[in-house]
Amino acid sequence: MSRILRVNMTDLSTKFEEVPEKYRLLGGRGLTSNIVFDEVPPDCHPLGPNNKVIFAPGLVTGTSAPSSGRLSVGGKSPLTGGIKEANAGGIASQKIARLGIKAIIVEGQAQDGKFYSLKVNKDGASLVSADDIVGKGMYEADEIIWRKHPNKPGVIGIGPAGEMRLANAGVSVNDSENGPGRYAGRGGLGAVMGSKGLKAIIVDDKGGPGVSVANPELFKQEAKKLADALLTHAVTSQALPNYGTAVLINILNEAGGLPTRNFSSGRFEGAAKVSGEMINELATKVRKGAGRVAHPCHPGCVIKCSNVFPKPDGSYHVSCVEYESDWAFGPNCGIDDLDAIAELVRISNDVGLDTIEAGVTVGVAMEAGIIPFGDGQAAINLLSEVGKGTPLGRIIGNGATFTGRAFGVTRIPAVKGQAMPAYDPRPIKGIGVTYATSTMGADHTSGYTIAPEILGVGGKADPFAVNKGELSRAFQATTAFVDASGYCLFIAFAILDIASGFEGMVNSVNAMYGTDWTGDDVVKIGQQIIKTERTFNERAGFTKEHDRVPEFMRLEKLPPHNVVFDVSDEELDAVYAF
Ligand code: SF4
């Protein structure tokens, strides 16, 4: 029987509650967004006492289903001012689920200005002083926690950026090697944790009750169907394990959609030097040592898109250099040096920043002339300011929109205050529709139309065609369900093309809960989650005028295709006419 753990930071109390019936069939994003909707006043200050931060494993997390260990983190975003769900891999989510906990709701604010750690194990939950890790980066904090606690606990934590309540502070989750690089990065939920006085959640599932499955035989059979699809599809069985998500660098460069030097070109002359192929070459052949590809971010992932990127001498540098981080600090900043990029990722993991927002912020700072494009060392110096808490560092740590305003930049690639990911919407219109209309601000994972538009997965769509409202809507709804399930979104590559894989995804959830959901139900459930999120956003003051890409993308032609973003406002407004 699973429970909800409610943590009150004001009086430092914890209590377990029964799961209300209306939440029984919700998990992950479905659960965090509904709890935010039910309990957080939409007009509250994101860093004030009335916001809450919620942690929820997905519907099948904690089971043996493949690649199903995602943790959703939800709250009102300090970056966008709207609802936020960001999810991460790492080891904590499976442990929370195996302790029989459906969600952890953190509310109130510590009254003494101090930071606390929440310890959760089979015997219960308690708040203890975080004096041993406060002020420390996540590498050191994770290490101290593992040294002090048996059983290699899951650690959900914030770095100095979260302690300083900076709007680009993410939430770190440790991986099997206790690296802190699995981030629920987007939207500043680390700052919300910081505002509550919560430095870390330490989860030890030893002796926990585990998860219960209504029909174990059926579950096994359906999870296997999904695993078989993942181990068959070329993207999930070959491209991602060998080259990681950075396999996309060369592909997007070829397509002319790789945002370069703060979204001023769609091609980067140094793309090959920072590509997934180059990462593989350096990590497994040239440098060897600690380098690794096909690295899972949590036990039970069969895709294994992660890597360990080594220093030139072969020693450990960072895990992992994935596409968005690689692009954000690489092509987007005109930097073609993987060692500089790896260091920028390591700083972000340590200080506690979302790498997409951080890279776009550095690009905007370059556009402002603070440092030159292409200068990796200058970028490292600039990002290091965040951890020091200098005035410049605090500006950078508040994200691209804030930094652009501070320095009078008009070309800020962001929607609803959140920086755009690694696909320029001008030559790839569908992803632009997703960026514009997502409840989360610019977010590729909200509706990854890149699959049909660029990769030819799940059918083929012309990237230049402007009638992409329906495509984006369908992707956004299905994605909301996957985000609720606890499955990693990367299963989508296989289940879009292999029908038995899609059945395995849906029916593994059915087998666990005794439901009989169909493919149509998946869409309806996803739409319902998005509707809840949009209603929250409307009450927080968002209108359809917020569902727009920045003006410069409608005015400035992007080379090499020399196109603007020309999807009509009517097409954008029709996305959520359900
Ligand atoms: S596919 Fe990659 S991101 Fe997804 S669970 Fe596996 S290692 Fe983590």
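Residues numbered from 1 in each chain as written. Predicted model: local features only at pLDDT ≥ 70, side-chain atom pairs only at ≥ 80, totals over all residues. Heavy atoms only, no water.

**Here we look at the sheet that holds strand 12 (residues 198-203)**
Picture the strands of a sheet paired through backbone hydrogen bonds; they go either parallel or antiparallel.
Here is step 1 of the chain: The strand order across the open sheet built from six strands is 8-7-12-9-10-11, with neighbouring strands paired in mixed fashion. Single-partner strands in this sheet number two, and they are strand 8 (124-129) and strand 11 (182-184). When strand polarity is set aside, the average angle formed by the axes of neighbouring strands in this sheet is 20°.
Here is step 2 of the chain: Where strand 7 (residues 116-121) lies against strand 12, five bridges are found, and the strand directions are parallel. When the sheet's bridge partners are listed, Y116 is paired in strand 12 with L198.
Here is step 3 of the chain: Packed on one face of the sheet, helix 3 (residues 138-148) meets strand 9 (154-157), strand 10 (171-173), strand 11 and strand 12 and runs near 145° to strand 9.
Here is step 4 of the chain: Each of strand 9, strand 10 and strand 12 touches helix 5 (residues 189-196); the most contacted strand, strand 12, lies at about 100° to it. (Pairing = 2+ DSSP bridges. Helix = DSSP H or I, 4+ residues; strand = E, 2+ residues; numbered from the N terminus. Axes fitted to C-alpha atoms, helices over the stretch in contact; angles between N-to-C directions. Contact = heavy atoms within 4.5 Å.)

**Focus: the packing of helix 18 (residues 469-485) against helix 21 (residues 519-539)**
Between two packed helices, the angle of one axis relative to the other and the distance separating the axes together describe the packing.
Here is step 1 of the chain: At a closest axis distance of 7 Å, the pairing of helix 18 and helix 21 adopts a crossing angle of 90°. As the angle between them shows, helix 18 and helix 21 are arranged roughly perpendicular. Contact with helix 18, carried on its side by R473, Q476, A477, T478, A480, F481 and A484, involves V522, V523, I525, G526, Q527, I529 and I530 of helix 21 and no other residues of that element.
Here is step 2 of the chain: Of the residues that constitute the contact of helix 18 with helix 21, the class distribution is nine nonpolar, four polar and one charged. (Parallel < 35°, antiparallel > 145°, perpendicular 65-115°, else oblique. Nonpolar A, V, L, I, M, F, W, Y, C, P; charged D, E, K, R; others polar.)

**Focus on the pattern of salt bridges**
Here is step 1 of the chain: Counted according to the given criterion, the structure contains 38 salt bridges.
Here is step 2 of the chain: Between E533 and R29 there is a salt bridge, and its shortest N-O distance comes to 2.8 Å. One end of the pair, E533, is in helix 21; the other, R29, is in helix 1 (residues 28-39), with 504 residues separating them in the sequence. Side by side, E533 and R29 carry an identical accessibility label, which is buried.
Here is step 3 of the chain: One salt bridge connects K199 with E163, and the closest N-O pair in it is separated by 2.6 Å. Placement of the pair is K199 in strand 12 and E163 in helix 4 (residues 160-163), with a sequence separation of 36 residues. An identical accessibility class is assigned to K199 and E163; each is buried.
Here is step 4 of the chain: One salt-bridge network, held together by shared partners, links R6, K15, E17, E39, K52 and E107. (Salt bridge = Lys/Arg side-chain N within 4 Å of Asp/Glu carboxyl O. Buried < 20%, exposed > 50% of the residue type's maximum accessible area, 1.4 Å probe, protein only.)

**As for helix 12 (residues 355-367)**
Here is step 1 of the chain: An ideal rise of 1.5 Å per residue puts 18 Å on 13 residues; helix 12 measures up with 18 Å between its terminal C-alpha atoms.
Here is step 2 of the chain: Three or more residues of helix 12 are buried, namely T355, I356, E357, A358, G359, V360, T361, V362, G363, V364, A365 and M366.
Here is step 3 of the chain: Here the buried face of helix 12 lies against helix 10 (323-329), helix 11 (338-351), helix 13 (376-388), helix 14 (391-396), helix 15 (400-406) and strand 17 (418-419). (Expected span 1.5 Å × (residues − 1).)

**Overview of the sheet that holds strand 2 (residues 13-18)**
Here is step 1 of the chain: Strand order in the open sheet made by the six strands is 2-1-6-3-4-5, with mixed pairing throughout. The open sheet has two edge strands, strand 2 and strand 5 (83-88), and neither has a second partner. When strand polarity is set aside, the average angle formed by the axes of neighbouring strands in this sheet is 20°.
Here is step 2 of the chain: Both strand 1 (residues 3-8) and strand 2 contribute to a ladder of six bridges, which runs antiparallel. Pairing of R6 across the sheet is with K15, part of strand 2.

**Some details on the environment of F329**
Here is step 1 of the chain: Looking at the element boundaries, F329 is found in helix 10.
Here is step 2 of the chain: Put simply, F329 and A342 are 13 residues apart on the chain and 8.8 Å apart in space, counted from C-alpha to C-alpha.
Here is step 3 of the chain: Dropping the residues within four chain positions of it, F329 is found in contact with I335, I341, L344, V345, S348, T355, A358, G359, V362 and L383.

**So, the environment of G154**
Here is step 1 of the chain: With respect to the helices and strands, G154 occurs in strand 9.
Here is step 2 of the chain: Its relative accessible area of 0% is what places G154 among the buried residues.
Here is step 3 of the chain: Residues contacting G154, with those up to four places away along its chain left out, are I91, A92, K95, N174, I201, I202 and V203.

**Focus: the packing of helix 6 (residues 216-230) against helix 20 (residues 499-513)**
Here is step 1 of the chain: In contact at an axis separation of 7 Å, helix 6 and helix 20 are set at 150° when each is read in the N-to-C sense. As judged from the angle between their axes, helix 6 and helix 20 are roughly antiparallel. The element helix 6 and its partner helix 20 pack so that their crossing is left-handed. Across from L218, F219, E222, A223, K225, L226 and A229 in helix 6, the residues of helix 20 making contact are S500, G501, E503, G504, M505, N507, S508, A511 and M512.
Here is step 2 of the chain: Within the contact of helix 6 with helix 20, the residues separate by chemical class into eight nonpolar, five polar and three charged. (Left-handed = near helix turned anticlockwise from the far one by under 90°.)

**Looking at the domain arrangement of the chain**
Here is step 1 of the chain: If you check the domain split of the chain, you get domain 1 (3-203), domain 2 (213-243 + 425-578) and domain 3 (244-424).
Here is step 2 of the chain: Here the C-alpha centroids of domain 1 and domain 2 sit 25 Å apart.
Here is step 3 of the chain: The partner domain 2 presents 35 residues to the 36 residues of domain 1 that form the contact.
Here is step 4 of the chain: Around 2900 Å² of area is buried between domain 1 and domain 2 when both sides are counted, 65% of it from carbon and sulfur atoms. (Domains from an automatic or database assignment. Buried area = accessible area lost by both parts, 1.4 Å probe.)

**Remarks on helix 18**
Here is step 1 of the chain: Here helix 18 spans 25 Å end to end across 17 residues, near enough to the 24 Å set by a 1.5 Å rise per residue.
Here is step 2 of the chain: The element helix 18 is extensively covered by neighbouring structure, given that 12 of its 17 residues are classed as buried.
Here is step 3 of the chain: Residues of helix 18 that are buried: G469, S472, F475, Q476, A477, T479, A480, F481, V482, D483, A484 and S485.
Here is step 4 of the chain: Residue G486 follows helix 18 closely and has a positive phi angle near 95°.

**Some remarks on the environment of P312**
Here is step 1 of the chain: Topologically, P312 is positioned in the loop between strand 14 (306-310) and strand 15 (316-318).
Here is step 2 of the chain: For the pair formed by P312 and R287, sequence separation is 25 residues and the distance between their alpha carbons is 6.3 Å.
Here is step 3 of the chain: Residues in contact with P312, not counting those within four places in the same chain, are R287 and D339.

**What to know about the nonpolar core**
Here is step 1 of the chain: Within the largest apolar cluster, 112 residues are counted, with the highest numbers of intra-cluster contacts made by Y323, W327, V362, L383, Y423 and M505.
Here is step 2 of the chain: Here the element with the most residues in this core is helix 11; it accounts for eight residues.
Here is step 3 of the chain: In terms of nonpolar packing, the next biggest core, distinct from the first, is built from 45 residues, A92, L118, V120 and M138 among them. (Core = buried A, V, L, I, M, F, W, Y, C linked by side-chain atoms within 4.5 Å.)

**Section: the side chain of K416**
Here is step 1 of the chain: Within the secondary structure, K416 is located in the loop between strand 16 (414-415) and strand 17.
Here is step 2 of the chain: At 3.0 Å, the side chain of K416 and the backbone oxygen of S438 are in polar contact.
Here is step 3 of the chain: Polar contacts involving the side chain of K416 include one to the side chain of D547, which spans 2.8 Å.
Here is step 4 of the chain: Once residues lying within four places of it in the same chain are set aside, the contact partners of K416 are L79, T80, A436, T437, S438, G441, F542, H546 and D547. (Polar contact = N/O pair within 3.5 Å; in protein donor to acceptor, adjacent residues only side chain to side chain.)

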